[in-house]
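Inside the fold
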Amino acid sequence: MEIFVADTYQQMSMKAAQDVIHLMQASQNKLLCIASGDTPAGMYKEIIAKVKTEELDITDWKFLGLDEWAGMNGHDEGSCRYHLDKQFFYPLQINTERVSFFNGRATDLEKECATTEDFIKQHGGIAVAILGIGLNGHIGMNEPGTSFLLYSHVAQISQETQTVGQKYFTTARQLSHGITLGIANLMEARHVILLASGSNKAAIIKKTLEEEISEKLPATVLRQHTGLKIYLDAGAAQLHSINKNHGCPNLYWY
Ligand code: PGA
């Protein structure tokens, strides 16, 4: 595990973008798992800027959506796909054939899971998985109590996440279920990039790094992933006991 702490959100986003690009370029398989949410938006902007200035060619990259709310797809304002279309796929004019994304409006959500698993296999596994973290430690829609052994599945959304999740929508929405990659998928990704920004994430980052690894706190499992890199801004890092003075070999400030 490596932890990178930046003073600002923008610096954090720039560093994470650089590393994602290097990891993708060095990888033989080119499947990037992409998360929606507020946190990775700055990193996507950095990647887009590099493509637009032709510093970066991503024509061989393929994309996999991390999760989606049940009952929604890209046509629903506020859905995961809707945000990623706006923040990433449309600005880069990514052909939909290069993207696999859960359709939460599908009548057969189990079939959506099977299609996703096929897409992952077809592309040689996930090269890099980008993740945010929920205030309760969820990753994707793997809420506290979810088995670490699950692959893609339909998930029940915790009360806390149903409330917090309203921030993505202009009108109140029913968010009782979702469809998500499982923790087993994420643990099989070659590299995992976990991003957290702001002081409201400081407590969960501290717990994720310091508490016992347990299904009660899904993000703790990532500590067992040998290719984990965590990116924090000063707000998200502020409660964690390692800091500039502790000389942790895997902690970098910049
Ligand atoms: P956020 O969401 O980036 O909008 O804070 C993270 C998450 O819930 O996984």
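This write-up is about the structure you can find in this document.

**Thoughts on the pattern of salt bridges**
This structure, assessed with the given rule, holds seven salt bridges. A salt bridge links Glu-2 to Lys-229; the shortest N-O distance between them is 2.5 Å. Here Glu-2 is found in strand 1 (residues 2-6), whereas its partner Lys-229 is found in strand 10 (residues 228-233), with 227 residues between them in sequence. For Lys-229, a relative accessible area of 16% puts it in the buried group. Salt bridges sharing common partners tie together Asp-76, Arg-105 and Arg-173.

**Concerning the nonpolar core**
Of all hydrophobic cores here, the largest spans 80 residues; its most connected members are Phe-63, Phe-88, Phe-89, Ile-126, Ile-139, Leu-181 and Leu-232. Other than its neighbours up to four places away in sequence, Phe-88 contacts Ile-34, Tyr-44, Ile-47, Ile-48 and Phe-63.

**Focus on helix 1 (residues 9-26)**
In a regular helix each residue adds 1.5 Å, so 18 residues correspond to 26 Å; helix 1 covers 26 Å between its end C-alpha atoms and thus fits that length. Looking at the buried side of helix 1, the elements it contacts are strand 1, strand 2 (31-34), helix 2 (41-52), strand 6 (128-131), strand 9 (191-196) and strand 10.

**Observations concerning the layout of surface pockets**
Taken as a whole, the largest pocket spans an internal volume of roughly 540 Å³. What lines the largest pocket is a set of 31 residues, and nearest its centre among them are Gly-37, Ile-133, Gly-134, His-138 and Tyr-168. Of all the secondary structure elements, the ones that give two or more residues to the lining of the largest pocket are strand 4 (67-69), helix 3 (80-89) and helix 5 (159-164). No other element matches helix 5, which puts three residues into the lining of the largest pocket. Partitioned by chemical class, the residues of the lining of the largest pocket number eleven nonpolar, 15 polar and five charged. Of the residues in the lining of the second largest pocket, the class split is six nonpolar, two polar and three charged.

**Let's talk about the site of the ligand**
The full set of residues close to the ligand is Gly-37, Asp-38, Thr-39, Gly-132, Ile-133, Gly-134, His-138, Lys-167, Tyr-168 and Lys-201. One of the backbone N or O atoms of Asp-38 is found 2.8 Å from an oxygen atom in the ligand. At 2.4 Å, a side-chain N or O of Thr-39 approaches an oxygen atom of the ligand. Among the cavities detected, the one that contains the ligand is the largest pocket. In the shell around the ligand, the residues fall into two nonpolar, five polar and three charged.

**Some points on the environment of Ser-152**
With respect to the secondary-structure elements, Ser-152 resides in the loop between strand 6 and strand 7 (153-156). Residues Ser-152 and Glu-188, 36 residues apart in the sequence, show an inter-C-alpha distance of 12 Å. Among residues more than four places away in sequence, those in contact with Ser-152 are Phe-102, Cys-113, Thr-116, Glu-117, Thr-180, Leu-181, Gly-182 and Asn-185.

**Points about the packing of aromatic side chains**
Scanning the entire structure with this criterion turns up six aromatic pairs. Measuring from centroid to centroid gives 5.4 Å for Phe-63 and Phe-88, while their planes differ by 70°, and the two rings are edge-to-face. Of this pair, Phe-63 sits in strand 3 (residues 62-65) while Phe-88 is found in helix 3, placing the two residues 25 residues apart along the sequence. Taking relative accessible area as the criterion, Phe-63 reaches 0% and is therefore assigned buried. Under the relative-accessibility criterion, Phe-88 is labelled buried at 0%.

**Brief notes about the packing of helix 2 against helix 3**
Across the interface, helix 2 lies against helix 3 with an axial gap of 9 Å and an inter-helix angle of 35°. On helix 3, the residues touching Ala-41, Tyr-44, Ile-47 and Ile-48 of helix 2 are Leu-84, Gln-87 and Phe-88. Residue classes in the contact of helix 2 with helix 3 are distributed as six nonpolar, one polar and no charged.

Parameters at a glance
Residues numbered from 1 in each chain as written. Predicted model: local features only at pLDDT ≥ 70, side-chain atom pairs only at ≥ 80, totals over all residues. Heavy atoms only, no water. Salt bridge = Lys/Arg side-chain N within 4 Å of Asp/Glu carboxyl O. Helix = DSSP H or I, 4+ residues; strand = E, 2+ residues; numbered from the N terminus. Buried < 20%, exposed > 50% of the residue type's maximum accessible area, 1.4 Å probe, protein only. Core = buried A, V, L, I, M, F, W, Y, C linked by side-chain atoms within 4.5 Å. Contact = heavy atoms within 4.5 Å. Expected span 1.5 Å × (residues − 1). 1 Å grid on protein atoms, 1.4 Å probe; cavity = no way out; pocket = protein on both sides within 12 Å on 5 of 7 lines; lining within 4 Å. Points joined across faces, edges and corners; volume = space filled by probe spheres on them. Nonpolar A, V, L, I, M, F, W, Y, C, P; charged D, E, K, R; others polar. Near = heavy atom within 4 Å. Polar contact = N/O pair within 3.5 Å; in protein donor to acceptor, adjacent residues only side chain to side chain. Sits in = over half its atoms within 2 Å of the grid points. Phe/Tyr/Trp six-rings, centres within 6.5 Å; stacked < 30°, edge-to-face > 60°. Axes fitted to C-alpha atoms, helices over the stretch in contact; angles between N-to-C directions.

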